[in-house]
Amino acid sequence: MVDNTSDNIAKEPRAPSWTMKFNRLTAKYNIISLFNYESILKRKIMIDFLICSLAFISIFISFQEAEMYYELTVYNDSSKSLILINSLRGINCIFSIIICLLICMNYKNFLQLNQKSENVSMLDLSLRERLYLITEILISLISDPPYLNLIFEGPTPQGHLYYQSSTILSSLSFIKGYHFMKLYANYTVWMSPENQSKSKKYGVNSSVFFAMKADLKLKPLVVIIPLAIGTVFIAGYIIRNMERGYIAKGWEGEYFKYATNGWWCAIITMTTVGYGDVYPKTDIGRLFICITGIVGLILISLYVAALNSAVSFNKQEFHSYLEIKRIKNNMRIQHTASNIIKTAASMLRAKNNHNLNSMFLIGIRLKHLANHSIQSKHSLEKYIAPSEMLLEIEKKLERDINFVKQQFIDVKYIGEKLKIMQKEQKSIETSIDHVLSEQRLILNKFAEYNIKGYAL
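Predicted model only: the values in this text are computed from it and were never measured.

Across its full length, the protein chain carries 14 helices and three strands. Here the protein chain holds 456 residues, and the buried ones make up 30% of them. Looking at the protein chain alone, contacts between residues at least 24 apart form 70% of all its contacts between residues at least 6 apart. Within the structure as shown, the protein chain displays about 30700 Å² of accessible surface, and the carbon and sulfur contribution to it stands at 65%.

Laid out in structure tokens, this is it:
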């Protein structure tokens, strides 16, 4: 009799404890070494937001210290301190250096996202990317260093020009505003990774230009109003800086003593009103006012074109636009439906608690959400633009044509299969005939043997 007690059963050898520890360590190492795309992308967006914040502060400091220095030296304003001005310049230089370091970090994040690896070097940048990096660093370093007080002056045919280095550098510091365009590229829904992949299906490069065209098509005021305000602010400030250093007989630059007059000049030029009460007299000021007028005409034209649906897409871009728009509408409807469900659950809890006041307030909100959901659904179904309708019909025709093509291919394939089956059937029939003939020969032989046996 076999003893099956636990003491007599053969035990399998267990792995040593150091092996288990090694496996756990390697598993932990593998988890850490995985490439985390989302965290790097979030870090890149956060750095872009920080760069824009520091660039805005740097521009504001340049504006303030240039105004303070001009009032101290030209208007002899004793309330302005040269120590405070140099301190602001030093802080601005520190901010500019921090912006440059953040730009380098962002380019490293860009390399990590492209190569899908965290072990990258700045030497991996291509020549074009290095030129972009150097250009961004040079632009970000535009600031007035402490104790740098240069004066540029000279005669003109009608007067005398007097410019300070702080005034010129504060005007150039507005170039740092290009960082806001990069932030727009990170936050716009049209350039998200999911929508970029959808655009690539139609052969569309989802760039900043496409995103701006899409926003001009969908929400023109969101694009045009910030552009117009930024143009008025920058152009008016630069024109004012160029004009208040101009001294001539009967013209001491008093019209442009205040920045508001420069902005007023930019507004009346961009809107093509042209009152003539404030106007530039220097060549540089006239150049910038011409550029401002051209930009104003473009913005007004874009506004009219956007309102009249004149900002048109090509077929591939419009397909991408419609698909992303449809996804956004579905998400909005789902969000409204989830809010209705949450509100209904809150109303049920209030009913169980016999809280009439809460039931009344929640009922009003529930009714508002339901009406909003119905109106949103009707607004989506009520009107469809003719261009969208034509593209939908065209898309349906393309799907039907592809389906018919596939059916023709399947019919041809089935015909070839039938021919092969017919050949196989003929070969099988030939084999059966051969077997039957062999069977008849065998039966004949048996019959002959039987006859001979009976004869014997």
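Having put the structure on the table, let's press on.
As a further point, take the nonpolar core. Among soluble globular proteins, nonpolar side chains are generally buried collectively. With twelve residues, the main nonpolar core is built from Ile47, Ile51, Leu54, Ala55, Ile99, Leu102, Ile103, Tyr107, Leu111, Val120, Leu125 and Leu133. Put simply, the parts of the chain that give this core at least two residues each are helix H2 (37–73) and helix H3 (82–115). Here the element with the most residues in this core is H3; it accounts for five residues. When residues no more than four places from it in sequence are discounted, the contact partners of Ile51 are Ile99, Leu102, Ile103, Asn106 and His179. Formed by nine residues, the second largest nonpolar core is a distinct cluster that contains Ala211, Ala214, Phe318 and Leu322.

Attention now goes to the pairing of strand E1 (residues 151–155). One ladder, built from five bridges, connects E1 with strand E2 (residues 159–164); its direction is antiparallel. Paired with Gly154 across the strands is Leu161, a residue of E2. Counting the residues in the hairpin turn of E1 and E2 gives three residues.

Attention now moves to the packing of helix H8 (residues 208–218) against helix H9 (residues 220–243). Remark: H8 packs on H9, axes separated minimally by 5 Å, with the N-to-C direction vectors making an angle of 115°. For the element pair H8 / H9, the angle class is roughly perpendicular. Contacts between H8 and H9 pair Met212, Asp215, Leu216 and Leu218 from the former with Pro220, Val223, Ile224 and Leu227 from the latter. Residue composition of the contact of H8 with H9, by class: seven nonpolar, no polar and one charged.

Our next topic: the sheet that holds strand E3 (residues 246–248). In space, the three strands of this open sheet follow the order E1-E2-E3, with antiparallel pairing throughout. Of all the strands in the sheet, just E1 and E3 have a single pairing partner and so form its edges. Across the sheet, the mean angle separating the axes of adjacent strands is 15° when strand polarity is ignored. Here helix H5 (residues 165–172) sits on the sheet in contact with E1 and E2, set at roughly 70° to E2.

A word on a nonpolar patch on the surface. On the surface, Leu221, Ile225, Ile229, Ile300, Tyr303 and Val304 cluster together into a nonpolar patch covering about 510 Å² of accessible area. Mapped onto the nonpolar patch, the elements with two or more residues apiece are H9 and helix H11 (283–307). With respect to the helices and strands, Tyr303 occurs in helix H11.

Another point: the layout of surface pockets. Taken as a whole, the largest pocket holds about 1300 Å³ of empty space. Together, 35 residues line the largest pocket, and Lys44, Phe110, Asn186, Met191 and Gln196 are the ones closest to its centre. Elements that contribute at least two residues to the lining of the largest pocket include exactly H2, H3, helix H4 (127–140), helix H6 (178–187) and helix H7 (193–201). The leading source of residues in the lining of the largest pocket is H2, at seven residues. Here the lining of the largest pocket is composed, by residue class, of 13 nonpolar, eleven polar and eleven charged.

With that settled, the discussion passes to the pattern of salt bridges. Per the counting criterion, the structure on display carries six salt bridges. Across the pair Lys182 and Glu136 runs a salt bridge whose closest N-O atoms are separated by 3.3 Å. Separated by 46 residues along the polypeptide, Lys182 in helix H6 and Glu136 in helix H4 bring together distant segments of the chain. Through salt bridges that share partners, Glu65, Arg89 and Asp144 make up one connected network.

One non-glycine residue with positive phi stands out, namely Tyr147, at about 65°. Among the residues examined, Tyr147 registers a relative accessible area of 66% and is labelled exposed. One non-glycine residue, Thr272, adopts positive backbone phi at about 60°. The topology assignment puts Thr272 in the loop between helix H10 (259–270) and H11.

Conventions adopted
- Residues numbered from 1 in each chain as written.
- Predicted model: local features only at pLDDT ≥ 70, side-chain atom pairs only at ≥ 80, totals over all residues.
- Heavy atoms only, no water.
- Helix = DSSP H or I, 4+ residues; strand = E, 2+ residues; numbered from the N terminus.
- Buried < 20%, exposed > 50% of the residue type's maximum accessible area, 1.4 Å probe, protein only.
- Contact = heavy atoms within 4.5 Å.
- Areas by Shrake-Rupley, 256 points an atom, 1.4 Å probe, with all protein chains shown as cover.
- Core = buried A, V, L, I, M, F, W, Y, C linked by side-chain atoms within 4.5 Å.
- Pairing = 2+ DSSP bridges.
- Axes fitted to C-alpha atoms, helices over the stretch in contact; angles between N-to-C directions.
- Parallel < 35°, antiparallel > 145°, perpendicular 65-115°, else oblique.
- Nonpolar A, V, L, I, M, F, W, Y, C, P; charged D, E, K, R; others polar.
- Patch = residues over 30% accessible without salt bridge, like charges linked within 9 Å, V, L, I, M, F, W, Y side chains within 5 Å.
- Salt bridge = Lys/Arg side-chain N within 4 Å of Asp/Glu carboxyl O.
- 1 Å grid on protein atoms, 1.4 Å probe; cavity = no way out; pocket = protein on both sides within 12 Å on 5 of 7 lines; lining within 4 Å.
- Points joined across faces, edges and corners; volume = space filled by probe spheres on them.

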